[in-house]
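What follows is each chain in one-letter form.
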Amino acid sequence: QVQLVESGGGLVQPGGSLRLSCAGSGIFLSAYAMGWYRQAPGKQRELVAVLTRSGNTNYADSVKGRFTISRDNAKNTVYLQMNSLKPEDTAVYFCARGSTAATMTMIVGSWGQGTQVTVSS
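Residues numbered from 1 in each chain as written. Predicted model: local features only at pLDDT ≥ 70, side-chain atom pairs only at ≥ 80, totals over all residues. Heavy atoms only, no water.

**Description of the pairing of strand β3 (residues 18–25)**
Okay, step 1: Two elements, strand β1 (residues 3–7) and β3, share five bridges in a ladder whose sense is antiparallel. Pairing of E6 across the sheet is with C22, part of β3.
Okay, step 2: With six bridges connecting them, β3 and strand β8 (residues 77–82) associate as antiparallel partners. Residue S21 lies in a different strand from β8, and its bridge partner there is Y79. (Pairing = 2+ DSSP bridges. Helix = DSSP H or I, 4+ residues; strand = E, 2+ residues; numbered from the N terminus.)

**Digging into the sheet that holds β3**
Okay, step 1: One open sheet accounts for four strands, arranged β1-β3-β8-β7; its pairing is antiparallel. Edge positions in the sheet fall to β1 and β7 (67–72), since each of these pairs with one other strand and no more. The average undirected angle you get between the axes of adjacent strands in this sheet is 15°.
Okay, step 2: With six bridges joining them, β7 and β8 adopt antiparallel strand pairing. When the bridges of β8 are listed, I69 appears paired with L80. (Axes fitted to C-alpha atoms, helices over the stretch in contact; angles between N-to-C directions.)

And the structure:
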């Protein structure tokens, strides 16, 4: 059974940092492109970071320079390091595995369950 399990969300003050983790079971994450999406209340789900199979990364303009996506193949885990967090980063964050159709465009095969990130003072 393929599962993606996110962790690491929580409440953080503006300017703070969080690291999200996405652990894979029943699947080798290194065989796929991996992405982090987020969905704020009343808004569409948006792709914020992509890590291709070859190790290239792409980011949404809104997070560029603040977020970093990475992968640890030994732990079969993908991370999203989020620095300089802003209130507008508040959302449920989902990891996704799939393939890349174009820059910042994924064809998603499976989703994680999501983890809440709240940025507030």
